[in-house]
Structure formats: C-alpha cells, structure tokens
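What follows is the residue order along each chain.
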Amino acid sequence: MLYSDTVESDVLVHKPWFVAVLFLAVFLLFLSLDLSGTALGEMMRPVIGEPSESGFGGRLAVAFTIAVLLCLNVIVIAFLPLRAQIGVVWLELLALFLAFFQTFDLSLPFIREKLPFLVMQGLLTTVYISAASILIATGIAILGAVAKLSNNGFAYAIASFYTSFFRGLPLLMQVYLIYLGLPQLGFIIDAVPAGIIALSLCYGAYMTEIFRAGIQSIDRGQWEAARSIGFGFGLTMRKIILPQALPVIIPPTGNQFISMLKDSSLVSVIGVWELMFLARTLGQKTFQHMEMLITAAMLYWAMSIVLELIQARIERHFARSKVR
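This is a predicted model, so every value here is computed, not measured.

Some words on the overall build of the protein chain
Scanning the protein chain from terminus to terminus reveals 13 helices and 0 strands. Secondary structure elements in the protein chain, listed N-terminal to C-terminal, are α-α-α-α-α-α-α-α-α-α-α-α-α. Its C-alpha atoms give the protein chain a radius of gyration of 27 Å, clearly above 20 Å, the size a compact globule of 324 residues would have. Expressed as lengths along the three principal axes of its C-alpha atoms, the size of the protein chain is roughly 80 × 60 × 30 Å. Out of the 324 residues in the protein chain, the part that is buried amounts to 33%. For the protein chain, the proportion of contacts with a sequence separation of at least 24, taken over those separated by at least 6, is 74%. A total accessible area of about 19,900 Å² is found for the protein chain, and carbon and sulfur atoms account for 69% of it. Averaged over its 21 positive side-chain charges, the protein chain has a centre that lies 14 Å from the centre of its 19 negative ones.

Regarding helix α11 (residues 233-263)
For the α-helix, the turn length of 3.6 residues means that residues three or four positions removed from each other point alike. Compared with an ideal rise of 1.5 Å per residue, which puts 31 residues at 45 Å, α11 spans 35 Å between its outermost C-alpha atoms and falls more than 12% short. L246 marks the point of greatest bend in α11, at about 50 degrees, and the proline P247 comes within the next four residues.

Here's the deal with a nonpolar patch on the surface
Where nonpolar side chains cluster on the molecular surface, the patch consists of L82, I86, W90, L94, L98 and W301 and spans about 620 Å² of accessible area. Examined against the element boundaries, W301 turns out to sit in helix α13 (residues 289-318). Exposure remark for W301: the relative accessible area of 34% places this residue in the partly exposed category.

Considerations on unusual backbone geometry
With a phi angle near 60 degrees, F287 is a residue other than glycine that sits in the positive phi range. In this structure, F287 sits in the loop between α12 (275-286) and α13.

As for the nonpolar core
Counting residues in hydrophobic clusters, the biggest one holds 32 residues, and the most contacted among them are L199, Y203, M207 and I215. When residues of this core are assigned to their parent elements, the largest contribution, 11 residues, is made by helix α9 (residues 191-216). Once residues lying within four places of it in the same chain are set aside, the contact partners of I215 are A145, L149, W223, M237, I241, L242 and A245. L123, L275, L299 and Y300 belong to the second-largest nonpolar core, a separate cluster that totals 16 residues.

Notes on the packing of helix α1 (residues 16-33) against helix α4 (residues 55-77)
At a minimum axis distance of 8 Å, the contact between α1 and α4 shows a crossing angle of 145 degrees. Crossing geometry of α1 relative to α4 is assigned as right-handed. Judged by residue contacts, V19, L22, F23, V26, F27, F30, L31 and S32 of α1 engage F56, R59, L60, A63, F64, I66, A67, V68, L70, C71, V74 and I75 from α4.

A look at the environment of M173
Within the fold, M173 resides in helix α8 (residues 171-181). On the basis of relative accessibility, which here comes to 40%, the residue M173 falls in the partly exposed class. C-alpha separation for the pair M173 and A198, spaced 25 residues apart in sequence, amounts to 9.2 Å.

Criteria and cut-off values
Residues numbered from 1 in each chain as written. Predicted model: local features only at pLDDT ≥ 70, side-chain atom pairs only at ≥ 80, totals over all residues. Heavy atoms only, no water. Helix = DSSP H or I, 4+ residues; strand = E, 2+ residues; numbered from the N terminus. Rg over C-alpha atoms; globule rule 2.2 N^0.38 Å. Buried < 20%, exposed > 50% of the residue type's maximum accessible area, 1.4 Å probe, protein only. Contact = heavy atoms within 4.5 Å. Areas by Shrake-Rupley, 256 points an atom, 1.4 Å probe, with all protein chains shown as cover. Lys, Arg positive; Asp, Glu negative; His and termini not counted. Charge placed at Lys NZ, Arg CZ, Asp CG, Glu CD. Expected span 1.5 Å × (residues − 1). Bend = angle between axes of the 7 residues up to and from the residue. Patch = residues over 30% accessible without salt bridge, like charges linked within 9 Å, V, L, I, M, F, W, Y side chains within 5 Å. Salt bridge = Lys/Arg side-chain N within 4 Å of Asp/Glu carboxyl O. Core = buried A, V, L, I, M, F, W, Y, C linked by side-chain atoms within 4.5 Å. Axes fitted to C-alpha atoms, helices over the stretch in contact; angles between N-to-C directions. Left-handed = near helix turned anticlockwise from the far one by under 90°.

This is the structure:
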C-alpha cells in the first residue's frame, strides 16, 4: 500500500483458502516439470527409491514435498517484521540463483583468474561510458524539454524532430551510423567517443520527454508568481520550477541510467573493451563462455543495485518537503 494501514486485518498468507490455492498451484507446476531426476530426487531416494525408476509416484512425491516446504516457508516468513521478511526472501532467492548457477559446473579458478582484469578494464570502462553519456544526455534533455515547452516554433520543431528520430531508431543502428558513417563525411572518431555520442543522443531523446513531463507537472501559478516578482525565464526555471520538478523527474531518470548501463554493452560491436566485450572474448579462448557471461551478469547486477540505492537516497532527499 502507498501508506501504512492503521486498520488491523488478517495476513493474506495466513488465510486457509490462500494457502490451499498456493499449495495446489505449486504442486501442479512441479508435478508437470518432473524433478525426480534432480538433486532433490536424490535426497528423497529413501522415500521414492531409484529416481530414474520412480515414475509417476516419484514425480508426485517430489512435487508434494516442494509444495509443502514452500507453503510452510511463506507462512513462517509472514510472521516476521517487514524488514526481516524482505531480507529473508532476498537471501532465499539469492540462494536459489546460486544453486541454479552451480548446475552449470562452473570453473571457479578460471573466474578468480579473470575477474581482476574483467573489473579493472571492463567494469571501469562500462562505468566511464555510462557516466559520461548520462551527463551529456541530461544536458540535452534539459535543452530539449525547454525547447518543446517554448513558444518558439523553430526551437520546438528541432526538439520534436530530434526526439522522434532518435527514439525511432534502434540504438545499435545509431552506434553504427555514428562510428561508420561520420568517417565518410571526413570526421574520424574513435570507438569510445562514438559509443558515448550514440548513447547520449539516444537517451537524451527519451529523457527529454521525462524532463518535459516533470516541468509540466508544476502548476502554472508557480510560473506566474515567479514572473510577477520579476524573475526571468532562466531564474524561474533554476530556482522555482526545476527544484519542484526533480521529485517527479528523478525516478524515471534513474531507470534510464540503469538501462543505459546495460545498453552500453552494445558499444562492444565496435570494439570497445567494456564488460560484455571482455566477457565474450575471455570466454572464447578456452570455450568457458558461461563462466564469463555469468560473472559479467553478476557485475551488471551489482552495479544496478548500487544505482538503485543511490536513486532511493536521492528520492528520499527530495521527498523531505512532502513528509507530514
């Protein structure tokens, strides 16, 4: 819920009908998957006998066990405080992911050997490209939003054409057009600047609409009050409008930064030594693709978590004025 409910009510997962529905859904799901040949089936060997020969009875026993354990887990967690619930569920899901990755029989020594280079070269390059791109895209977005909100037809036409064009083309095509097209016009550009320009122009177009919507969310009376006391357009925007629009702008802008962090992997097609490029290259030499791809995936996820925490902190900072 948006706000804490002061009315006492029963916990949903403690209601018999909900537990019954959850049990039936989980039971039918895992019955259809046939997990008797997995590690869980081996653990239940004293009950079902030889897993490969247990047949439908083995599938039934494994599905029933999973459904019972899951329902008990959900019921017990529901008794915990909210923060404890979140922490326990996170730990359980993380354990499931690690168990899933373990089924790939990954070579941990190979990962430990390549991880420092993957971090120092690939991770830092990815962060550098993403940070530079988001800063440039933010500047473009502010200018584009102001242009689309102005009464100047020339400025509005340029801004609307820009947002339409760069939102209408795939990002990968933009990378190729800038890296391969500009040299034909006499502008030789390296791979990293080409990637930054492509990301900045593409995400600047999306963020233009975010900034425009955020600015338009401020009541028109704020503009009129600022102009009545002699504030010019620039001062009104800087001191009155943008500070109030930031709580609206920050959440989608944070999402765009996280998306850009992942889309920066597209610049690997032009030879930039970022995280995805190195993961693919290092894995190809010894055909240990999964080790490097899963490691890269975990690094991307870790960076996204850091950005989510930073975004949440910024949101709380700008939401202080709304706390009652």
